[in-house]
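Chain and residue survey
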Amino acid sequence: MRNVLRYLLVAGLVLVLLIGAVFAYLIHVTRASFPQVSGQVAVSGITAQVSVVRDDLGIPNIYGESLEDLFFAQGYVHAQDRFWEMDVRRHITAGRLSEMFGASQVTTDAFLRTLGWRRIAEQEVGMLSQRSRRILDAYAAGVNAYLADHTGSALSLEYAVLGLQNSSYQPEPWTPADSVAWLKALAWDLRGNMTDEVYRSIMSASVGVEQTERLFPPYPYAQHRPIVQIGAVVDGAFDQTAMPTAGGGGASAGLHLDASSLASLRRVQQASAGLARWLGPTGPGIGSNSWAIDGSHSATGKPILANDPHLAPMMPSLWYQSGLHCTRQTEDCNYDVTGWTMAGLPGVFIGHNDTIAWGFTNLGPDVTDLVLEQVDGDSALLDGRQVPMTTREEVIQVAGGDPVPITVRETANGPIISDVSGIEEYAAVGADAPVPAPGSTADTMAPPERGDGYAVALRWTALTPAPTFDAFDLLNTARSWSQFRKAAQKLAVPAQNLLYADVNGNIGYQAPGTIPIRDGYDGKWPVPGWDSRYQWQGTIPFEALPSVLNPPEGWIVTANQAVIGPQYPYFLTDDWSYGARSQRIVDLIEEATAGGRTMTVEQMRGIQMDSFNELASFLAPKLAALPTTDDTAAAVALLRDWDFTQPADSAPAAFFNAVWRQMVTRMFDAAADTDLITAGGGDRYWQVITDIWSNPDDFWWDDRTVPGVQSRDQTLQASIAGAVAELSDLQGTDPSGWNWGRLHTLELTNQTLGQSGIGPIEWLFNRGPLELAGGESIVDATGWTPKNGYVVDWVPSMRQVVDLANFDNSSWVNLTGASGHAFSAHYVDQADSWRTGSQYPWAFGRAAVQQAGVDVLALVPESSAEG
């Protein structure tokens, strides 16, 4: 027994030592990647000292004497805090993920190579202004200066973990094309109605065109006002003082898809779905809120601008807060700007300089067409003759595996995306898309034989090279409305609603972007590639795009609603968000400013956290009036005194959303008869419910999860019973104890190693869950997809409120933190404030930055350091 005890003691000591050694190693490896943030670093590539002042959140303000020094330092600082993120992003855009992560990413790479983002970015670099090239070159030099002295775990903890399965991987030097290519990924996330086009095609194969069209009801202009209320196009230019005339752009058209063509669409949908892991899900929840009030409505006497873009949650956050300041303002070095940057991209994406502030929301114009092609070998039918396609060979290098060759085929309409093997959705479009297009006014020639299904090409404005990056330098340095619009003119893709405010009291809105003109069809359905009448007829001139400066109401709200009324002569899209969020913001502003009252910065922040559910205000009283059973009575009673808001601790919100999930699943998802598409459950479906309410036997009330045809009240009562059963199982049988936040959680998941399937590795990089308020199509836009449960799919990725009377009185908060290094103090230090709606002071002036600074890093030229 003594020997056994002695053995156990020794074994225990050894185990403790081993655990201690492992923890010591992990601490060493983790801290090895933490960057130097104070003192002095000598670097080659700058001409004078650059100061980097970080505050207690690790947010840097950079001060340089020249344009090149300033952007060299931004590249250096981005690499310090976020290089792994940058490295993964350039592998996404180049279709080279397999080189890092192995054979699991071959299909995603094949799809990205087919789109050709990297090839287009390389062309775009050559189109940029000399000044933009200087900025990109200096930025790349700064990134590479950091890479020269840091490798492996000293660069980021992820490289140490990656080395366990891919020990030969080494990052390449950074190039300008690496930066420019990321704009393609952003454009993909915000590309407009392509997801809806796929949904229409696949759903129509199950329920027909007519019933599918009813799931996309007309925008409710009478209830939800568009962004621009005034103005018209006069002599080719938008004039905000002109009276609108009758008419509107576009006409519905598309092709009817049969079963074989849908196979092509299904393949395409699967390919693009592979990108969701890396870029996040796309859909109607991907939007944003932004609004500005002028000085007459502001307690400060100057404008206040608020913005919170809604994107897929990422760990670390997509955004990196930073300031860029020329120590002496000159014609060449004229940066004095702060805001939201993206690691890998020089400049500031959203924010303010010393004169103007701006915000972005997704305009969502229809800039894509899915084009059905009748192919024969390497040629495609066009106007009665076979036209050779362009082909190119690509080779995907695979870590730990053999290279994979692919052939990319392109027609005049774009790349054949249904060629990518392992993908079903876009092949399904080719099999099932309606032919001829529903509502088409074009004189369509007879379709060729479909055979096993048409191929599907992607026509997309982002696949035409354009010098979009030039816009960001112009935007960052604009000091007036006219200079702001000059920057907007360069912003080809993604097309964003641009909101403006300045220190002189002006507020404005500009719609930018390369938006195609269609003749006889509107792009809602796939179109025939064999008929040249379905090709684009140019683009909408920038001068004709909607714009307004200082509207009479004294405020502007953009939240992905319709940009302008149906009288506008050009077709932008019909697939807007249906305006629930935007109208709620309008209502809150009008309420707060009624009777000559003014709004404060604090009130603007409060609106960002508003959780009122417009659907609930319509539907909950009707649910509460239905007959109940002993099992459902207590739950239904929760709805009777509810104020229709959704704080995290709300029991009524938990129950109402559970009922809504049951309704969406039974009525819409079950009708699709496929897992390739899913009903988002947002305000488009809210509008459907409103439209069909008065007809209890409408086609769409049927519960397709049970035999027979169900009426409205039968489906609603089944949904109530299903919700009670689900919540009783998840949170107990007492409805008063149900809690929305415990259902509606956000996991902050690292897009790479955080999804490895290996628990200890995921523990290193992931954080959460966070219990959240808000919901889908609500101002506090924590979106969720009913088919996937209640987990949060997209979020306000950041929040900002800019005070034009005193920039140092502005505030901001990020989703996670400044650092991309796991276990850094700034990895996730802003998340709790983001969750609760708090924001941090946003220092801008040099005195405020110095007062807030806790670390100062001096980058000095090597020559002066040696001297």
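Residues numbered from 1 in each chain as written. Predicted model: local features only at pLDDT ≥ 70, side-chain atom pairs only at ≥ 80, totals over all residues. Heavy atoms only, no water.

As a further point, take the overall build of the protein chain. Across its full length, the protein chain carries 27 helices and 32 strands. Its C-alpha atoms give the protein chain a radius of gyration of 27 Å, within 12% of the compact-globule value 29 Å for 867 residues. Of all 867 residues assigned to the protein chain, the portion counted as buried reaches 62%. Accessible surface for the protein chain amounts to roughly 30500 Å². Of this, 52% is attributable to carbon and sulfur atoms. One finds the centroid of the 53 positive side-chain charges in the protein chain at a distance of 3 Å from the centroid of its 95 negative side-chain charges. (Helix = DSSP H or I, 4+ residues; strand = E, 2+ residues; numbered from the N terminus. Rg over C-alpha atoms; globule rule 2.2 N^0.38 Å. Buried < 20%, exposed > 50% of the residue type's maximum accessible area, 1.4 Å probe, protein only. Areas by Shrake-Rupley, 256 points an atom, 1.4 Å probe, with all protein chains shown as cover. Lys, Arg positive; Asp, Glu negative; His and termini not counted. Charge placed at Lys NZ, Arg CZ, Asp CG, Glu CD.)

Glancing now at the pattern of salt bridges. Enumeration over the complete set of coordinates arrives at 38 salt bridges. Residue Arg96 pairs with Glu99 through a salt bridge whose shortest N-O separation is 2.8 Å. Between Asp473 and Arg131 there is a salt bridge, with the nearest N and O atoms lying 2.6 Å from each other. In this pair, Asp473 sits in helix α14 (residues 470-477) while Arg131 sits in helix α6 (residues 130-149), placing the two residues 342 residues apart along the sequence. Both residues of the pair, Asp473 and Arg131, count as buried. (Salt bridge = Lys/Arg side-chain N within 4 Å of Asp/Glu carboxyl O.)

Glancing now at the side chain of Ser833. By secondary structure assignment, the location of Ser833 is in helix α25 (residues 831-836). The class for Ser833 is buried, based on a relative accessible area of 17%. Those residues within four positions of Ser833 in sequence are excluded, and the remaining contacts are Val813, Ser838 and Tyr840. (Contact = heavy atoms within 4.5 Å.)

A cluster of nonpolar side chains, Met1, Leu5, Tyr7 and Leu8, forms an exposed patch at the surface whose accessible area comes to about 520 Å². Among the structural elements, Leu8 can be located in helix α1 (residues 2-32). (Patch = residues over 30% accessible without salt bridge, like charges linked within 9 Å, V, L, I, M, F, W, Y side chains within 5 Å.)

Another point: empty space enclosed by the protein. In total, this model carries 13 cavities of 30 Å³ or more according to the counting rule given. Taken as a whole, the second largest cavity encloses approximately 210 Å³ of empty space. Taken together, 20 residues make up the lining of the second largest cavity; nearest its centre are Trp84, Glu85, Val88, Pro316 and Gln751. A total of eight residues in the lining of the second largest cavity trace back to one element, the largest contributor, which is helix α2 (residues 67-94). Taken together, the residues that form the lining of the second largest cavity break down as nine nonpolar, six polar and five charged. (1 Å grid on protein atoms, 1.4 Å probe; cavity = no way out; pocket = protein on both sides within 12 Å on 5 of 7 lines; lining within 4 Å. Points joined across faces, edges and corners; volume = space filled by probe spheres on them. Nonpolar A, V, L, I, M, F, W, Y, C, P; charged D, E, K, R; others polar.)

It is worth spelling out unusual backbone geometry at this point. Between Met315 and Pro316 the backbone carries a cis peptide bond, its omega angle lying at 5°. Residues other than glycine seldom take positive phi values, yet Asn550 does so here, at roughly 50°. Relative to the helices and strands, Asn550 is located in the loop between β23 (547-549) and β24 (555-558). Take Asn550: its relative accessible area is 34%, and that puts it in the partly exposed class.

On to the sheet that holds strand β15 (residues 385-388). Through backbone hydrogen bonds, the strands of a sheet pair up, either in parallel or in antiparallel fashion. Here we have three strands laid out as an open sheet, ordered β13-β14-β15, and antiparallel in their pairing. The open sheet has two edge strands with one neighbour each: β13 (375-376) and β15. Sheet analysis places strand β14 (residues 379-382) next to β15, joined by four bridges and oriented antiparallel. Each bridged residue has a counterpart across the sheet, and for Ala380 the counterpart in β15 is Val387. (Pairing = 2+ DSSP bridges.)

Tracing the backbone shows Arg799 in strand β29 (residues 798-803). Take Arg799: its relative accessible area is 2%, and that puts it in the buried class. For the pair Arg799 and Ala140, spaced 659 residues apart in sequence, the C-alpha to C-alpha distance is 29 Å. With near-sequence residues (within four places) excluded, Arg799 lies in contact with Asn307, Asp308, Trp340, Gln608, Met609, Asp780, Ser811, Trp812, Val813, Trp834, Gly837 and Gln839. Polar side-chain contacts of Arg799 include one of 3.4 Å to the side chain of Asp780. (Polar contact = N/O pair within 3.5 Å; in protein donor to acceptor, adjacent residues only side chain to side chain.)

Look at helix α22 (residues 712-731): 28 Å from first C-alpha to last across 20 residues, which is about the 28 Å you get at 1.5 Å a residue. Where α22 is buried, its residues touch α18 (614-624), α19 (633-637), α20 (651-672) and α23 (740-743). (Expected span 1.5 Å × (residues − 1).)

Before going further, it helps to examine the environment of Ser864. With respect to the helices, strands and loops of the structure, Ser864 is situated in helix α27 (residues 862-866). For Ser864 and Ser167, which are 697 residues apart along the polypeptide, the C-alpha to C-alpha distance reads 38 Å.

This part takes up the pairing of strand β8 (residues 320-326). Within β8, seven of the seven residues are buried, which leaves it mostly tucked inside the rest of the structure. Where burial is concerned, the two faces of β8 agree: the one with Tyr320, Ser322, Leu324 and Cys326 and the one with Gln321, Gly323 and His325 are both buried. Across six bridges, β8 lies against strand β9 (residues 336-341) in antiparallel orientation. The residue bridging Tyr320 from the neighbouring strand is Thr341, located in β9.

This brings us to the confidence of the model for the protein chain. When pLDDT is averaged along the protein chain, the result is 93; 91% of the residues meet or exceed 70. When mean pLDDT is taken per element in the protein chain, strand β3 (residues 60-64) scores highest with 99 and helix α11 (residues 259-273) scores lowest with 58. pLDDT under 50 marks residues 250-256. Its contacts with residues more than four places away, or in other chains, come to 51 contacts. (pLDDT = per-residue confidence, 0-100.)

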